[in-house]
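Now for the letters of each chain:
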Amino acid sequence: MLASYLTLAAILFCVGLYGVLAKRNTVVVLLSIELMLNAANVNLVAFSKYGVVPSLSGHMFALFSIAVGAAEAAVGIAILIMLYRARGTVNVDDYDELRG
Amino acid sequence: MDTIFTQLGWLVPLFPLAAFLILTAMGRGNRTLAAWIGTLASLGSFALSVLIWTERLGSDALDYSDGFRWLSAGPLQLTLGFEITNLTSLMLLVVTAVSVLVNLYSAGYMKDDERATVFFGYVALFAFSMLGLVLADNLLGLYVFWELVGVCSFLLVGFWYTKPSARAAAKKAFIVTRIGDAGLLLGIILLYWQMPSHTLDFASIQNVFQGQGGAIEAGMTTLIALLIFVGAAGKSGQFPLHVWLPDAMEGPTPISALIHAATMVAAGVFLIARTFDIFEASQAAMDTVAYIGGFTAIFAATIAVAQQDMKRILAYSTVSQLGYMMMALGLGSLTGGIFHLVTHAFFKALLFLGAGSVIHAVHTQDIRQMGGIWRRMRVTSVTFGIGALALSGIPPFSGFWSKDAILHTAFQEKPLLFALGLAAAFLTAFYMSRLFFSVFTGKARGNLGHVKESPWTMTLPLAVLTVPAVLSGLIETPWNNTLGHWLSGGTETTHTGGGLVMVASAAVGVLGIYIGWLAYAKGTINRETITARVPGLVRLLGEGYYVDRLYNAVFVQGVRGIGRVFAIIDDHIVGGAVRLVGGAALLLGRGGTRLHNGQVQTYGLITLFGLLVLLVSIAGRGWW
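Within an unreviewed UniProt entry, the label attached to chain B reads NADH-quinone oxidoreductase subunit L, and the organism entered is Paenibacillus methanolicus. Recorded in UniProt for chain B, the comment headed Sequence similarities (unreviewed entry) runs: "Belongs to the CPA3 antiporters (TC 2.A.63) subunit A family."

As annotated in an unreviewed UniProt entry, chain A is NADH-quinone oxidoreductase subunit K from Paenibacillus methanolicus. Under the heading Catalytic activity (unreviewed entry), UniProt records this for chain A: "a quinone + NADH + 5 H(+)(in) = a quinol + NAD(+) + 4 H(+)(out)". Under the Subunit (unreviewed entry) heading, UniProt states for chain A: "NDH-1 is composed of 14 different subunits. Subunits NuoA, H, J, K, L, M, N constitute the membrane sector of the complex."

Before going further, it helps to spend a moment on the overall build of chain B. When helices and strands are counted, chain B shows 26 helices and two strands. Taken along its principal axes, the extent of the C-alpha atoms in chain B is 120 × 65 × 55 Å. Looking at the 624 residues of chain B, the share that counts as buried comes to 52%.

A count of helical and extended segments in chain A gives three helices and zero strands. Counting helices and strands in the order they occur from the N terminus, chain A gives α-α-α. In terms of overall size, chain A is more extended than a compact globule, its C-alpha atoms giving a radius of gyration of 17 Å where 100 residues would be expected to give roughly 13 Å. Over its C-alpha atoms, taken along the principal directions, chain A stretches across nearly 50 × 25 × 20 Å. Counting only residues that meet the buried cut, chain A has 15% of its 100 residues in that class. Put simply, 49% of the contacts in chain A that link residues at least 6 apart link residues at least 24 apart.

Another point: the packing of helix α17 (residues 378-392) of chain B against helix α19 (residues 415-440) of chain B. All names here are of chain B. Look at α17 against α19: their axes get within 9 Å of each other, and the N-to-C directions meet at 170°. In terms of orientation, α17 and α19 fall into the roughly antiparallel class. Crossing of α17 against α19: the hand is left-handed. On the side of α17, the interface is formed by S381, F384, G385, A388, L391 and S392, while α19 contributes T428, A429, M432, F436 and F440. Classifying every residue of the contact of α17 with α19 by side-chain character gives seven nonpolar, four polar and no charged.

Attention now goes to the nonpolar core. Counting residues in hydrophobic clusters, the biggest one holds 201 residues, and the most contacted among them are V269 and A349 of chain B. Of the residues that make up this core, three or more belong to each of domain 1 (1-137) and domain 2 (138-545) of chain B. When neighbours within four sequence positions are excluded, V269 of chain B is seen to be in contact with A232, S236, L322, M325, M326, L329, G337 and L341 of chain B. Judged by nonpolar contacts, the second largest core, of six residues, contains V20, V29, M36 and A39 of chain A.

With that out of the way, let us pick up the pairing of strand β2 (residues 76-84) of chain B. Strand direction decides the pairing type here: strand β1 (residues 64-73) of chain B and β2 of chain B, joined by nine bridges, are antiparallel. Looking at the pairing, G67 of chain B lines up with G81 of chain B of β2 of chain B.

Moving on, we get to the UniProt feature "transmembrane region" (unreviewed entry) in chain A. Here, the residues flagged by UniProt with the feature "transmembrane region" (unreviewed entry) are residues 60-84 of chain A. The straight-line gap between the two end C-alpha atoms of residues 60-84 of chain A is 35 Å; of that span, 100% is helix and 0% is strand.

Listed by partner, the interface residues are nine residues for chain A and ten residues for chain B. Grouping the amino acids of the side of chain A that touches chain B by side-chain chemistry returns four nonpolar, one polar and four charged.

Once that is clear, we can look at unusual backbone geometry. All names here are of chain B. Here F239 and P240 are connected by a cis peptide whose omega angle stands at 5°. Here P395 and P396 are connected by a cis peptide whose omega angle stands at 5°. The residue P396 is located in the loop between α17 and α18 (398-413) in this model. We note that H363 has phi near 65°; this positive angle belongs to a residue other than glycine. The residue H363 is located in the loop between α16 (334-362) and α17 in this model. Note on H363: 13 C-beta atoms within 10 Å, which makes it partly exposed. Its identity is not glycine, yet Y546 carries a phi of approximately 60°, on the positive side. Within the fold, Y546 resides in the loop between α24 (535-542) and α25 (547-595). Overall, Y546 belongs to the exposed group, with 12 C-beta atoms counted inside 10 Å.

Let us now look at helix α1 (residues 2-22) of chain A. All names here are of chain A. Between the first and last C-alpha of α1 there are 30 Å, a value that for 21 residues agrees with the 30 Å anticipated at 1.5 Å per step. Where α1 is concerned, the buried positions are A9, G16 and V20. Down the axis, α1 shows its buried residues gathered within 40° of arc, on one side only. Every exposed residue of α1 that faces more than 90 degrees away from the buried side is listed here: A3, S4 and T7.

Moving on: the environment of L331 of chain B. All names here are of chain B. Turning to its location among the elements, L331 is positioned in the loop between α15 (310-330) and α16. Judged by local crowding, L331 falls into the buried class, with 28 C-beta atoms found within 10 Å. Distance from L331 to E280, taken between C-alpha atoms, is 9.6 Å for residues 51 residues apart in sequence. When near neighbours in sequence (up to four residues on either side) are disregarded, L331 contacts A290, T409, A410, E413, K414 and L417.

Residues and elements named next belong to chain B. Along the polypeptide, W517 turns up in helix α22 (residues 499-522). Of the residues examined, W517 has 19 C-beta atoms within 10 Å and is grouped as partly exposed. Between the C-alpha atom of W517 and that of P395, which follows or precedes it by 122 residues, the distance is 18 Å. Setting aside residues no more than four positions away along its own chain, W517 makes contact with S433, F437 and K522.

Here we come to the pairing of β1 of chain B. Little of β1 of chain B sits out of view: just one of its ten residues are buried. From the end of β1 of chain B to the start of β2 of chain B, which pair antiparallel, there are two residues, and G74 of chain B there has a positive phi angle of about 65°.

Further remarks concern the confidence of the model for chain B. Within chain B, residue pLDDT values average 84, and 96% of them lie at 70 or more. Scoring the predicted complex yields pTM 0.78 and, for the interface, ipTM 0.84.

Quick look at α25 of chain B now. All names here are of chain B. Given a rise of 1.5 Å per residue, 49 residues ought to cover 72 Å, and the 68 Å separating the end C-alpha atoms of α25 matches this to within 8%. Along its length, α25 shows its largest kink, about 40°, at G576. Within α25, only zero of the 49 residues are buried, which leaves it mostly out in the open.

What counts as what
- Sequence positions are assigned chain by chain, starting from 1 and proceeding in written order.
- Whichever chain is written first is A, and whichever ligand is written first is 1; the rest continue in order.
- Confidence filtering applies because this is a predicted model: local features only for residues at pLDDT of at least 70, side-chain atom pairs given and counted only at 80 or more, and all residues used for totals across whole chains, interfaces and linings.
- UniProt positions are given in the numbering used here, feature names are shortened, and annotations may be inferred rather than shown by experiment.
- Each helix corresponds to a stretch of at least 4 residues labelled H or I by DSSP, and each strand to a stretch of at least 2 residues labelled E; elements are numbered beginning at the N terminus.
- Counting other C-beta atoms within 10 Å of each residue's C-beta, where C-beta atoms are placed from the backbone, gives the exposure class: buried for 20 or more, exposed for 12 or fewer, partly exposed between.
- To get the radius of gyration, use the C-alpha atoms; to get the globule rule, take the number of residues to the power 0.38 and multiply by 2.2 Å.
- The contact criterion used here is simple: two residues whose C-beta atoms, placed from the backbone, lie within 7 Å are in contact.
- Angles run from 0 to 180 degrees between N-to-C directions of axes, and those axes are lines fitted to C-alpha atoms, restricted for helices to the stretch in contact.
- Geometric relationships in this document are graded by angle, where less than 35 degrees denotes roughly parallel, more than 145 denotes roughly antiparallel, 65 to 115 denotes roughly perpendicular, and other angles denote oblique.
- Here a crossing is taken to be left-handed if its near helix is turned anticlockwise relative to the far helix by less than a right angle, and right-handed if that turn runs clockwise.
- Under the scheme applied here, ten amino acids are nonpolar (Ala, Val, Leu, Ile, Met, Phe, Trp, Tyr, Cys and Pro), four are charged (Asp, Glu, Lys and Arg), and all others, including Gly, are polar.
- For this entry, the nonpolar core is defined as buried Ala, Val, Leu, Ile, Met, Phe, Trp, Tyr and Cys residues connected by C-beta atoms within 7 Å.
- Residue ranges assigned to each domain were obtained from an automatic or database domain assignment.
- For two strands to be treated as a pair, DSSP must find at least two bridges joining them.
- By this rule, a helix spans an expected 1.5 Å times one less than how many residues it contains.
- An arc is given here, and it is the one of the directions from the helix axis to the C-beta atoms.
- Note: pLDDT gives the predictor's confidence per residue, expressed from 0 to 100.
- Two axes define the bend at a residue: one fitted to the seven residues ending there, one fitted to the seven starting there, and the bend is the angle between them.

See the structure below:
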């Protein structure tokens, strides 16, 4: 069973990573980050149930992670809205103020 | 005998130095005042020199020297001081006398030049340096002033620096004499190293080399003497370093008279006379000096025959006469060399100042465009004629006696040099009569309507100079060795008179003048047919045996070629390496800039890639 969960988590993570690296829309990038975060959460829960030493700490860790992820998403979306107001675009490519 | 003025000998160069400082402070101020300052300062030096000289007239006058410690670094002790001997007092007299007259003459000659004040400043600086050179009591002090006169020569040859030829001549004069100076410096260093007590003053040199104690081995003595002679040859325009002197005629004519005829170019002769003991200790060095001098005498005289420029004729004549002096010294006749130096200083200064007077009036230096000036410039013509007779060695003018002294020594010592000297004397008389008859007699060949006699400031020095040009020969005649006794402290008794030599030297002088008269005044000898028969020879002589061309092709172009090679190396190899380093850093920076594009996703991708590389390398490390 563990292998299936881990495979699912890996697929989720890769989809998220692809979204982060390849998508041009910043909202989608944020969504993809959440996907990667949740892939990690799936792993935590899976190891907590089917790992070598099952315990509840994995569940708790996953809950913490979801809470922190929610806060992060809220802050990220807030920043993104301000950025959109300032620049009039959500295209990642246009956010290149740090260009050398 | 009283030596009050002798003790004040250090004051002699200070008059012109003060004048130089005042004139420099004046900038381009009052030109008439500048001329008077220069003249009065040199007059002060002259008066003091006369007083010093009179103190030394007695045969018992002791050499006087005084100085102070200049530098002392451990065992290295250098002093700076002055020394009055019979030789230096005589040189003081000659230098200051010519200096006074040239200053006075320049007051007229340079009247219309707006940088006349600067000119008198330079002349004063030159007089200071030359007097310092004469007075110096050691070789190092002499060397310092030796370089200073070189600088003054450079400044004054290039005085009209807007003329490209004057600039080139100034540079040439400086560089060619520098070659000699390098030899002199090497000689001085070598001498310092070899001297038992590591001193350079002339008194010690005399003691060491006269002692015959073998303190310095023979080969080393020859080397030192030859190196000193290289310096003297550079300054005195001896072959093969003579090329700068004719070009130096680009300077104002009073300068040609003062520096490039009477005083500075004689410094080489003076240097050898001052270090004569070193030369006497080495027969090889003496022979070198004698043969180079004799060769230069005849070599330059032949060139002078084919020159068309009035000042260049006199310049080659100067080279030739300096060769005579060197020959005399090389033959062991200190008296002959110095005697000719003195008489030559007077009559050659007279000739140059006369030439300047003509050039000032005619505004050309080409003798083919002159002629018939006699009717318009009586004083100049007569005085120039006297100078020409003195140079040609016609008795009883001064040049005859000094030339006779040299030829007589040569007759006794080396017949070959006697023959060379006699031939040079003939050529001298010939080119001087050519010059005189072309310029002063016959019909005017150019437009000479505006020509009139020069002002008194210019004719007075000419008139004054005729006196020593005629009479200065009488201080040393076959019957009366006053100068020889006086210079050598009563030991030298050569030049006892030889009728044959006197007759021969007078005869070639008269013959030369007669042929010149036939060719250039009477026209009996048709010179066109002669020159048409040997055009190659005329061109060869006119170009000065192509020595200048040769030097240009070999040294100037050679050095330029080497420079070009090094420039390429510098540009492509050294500069290329520098550019490579800079370019590499720049390229690296450009690459970095491209990476730093502000795209978060690119950063992420690169981070991912880095992570993968890390993982793969960690996973795969077991296989290697």
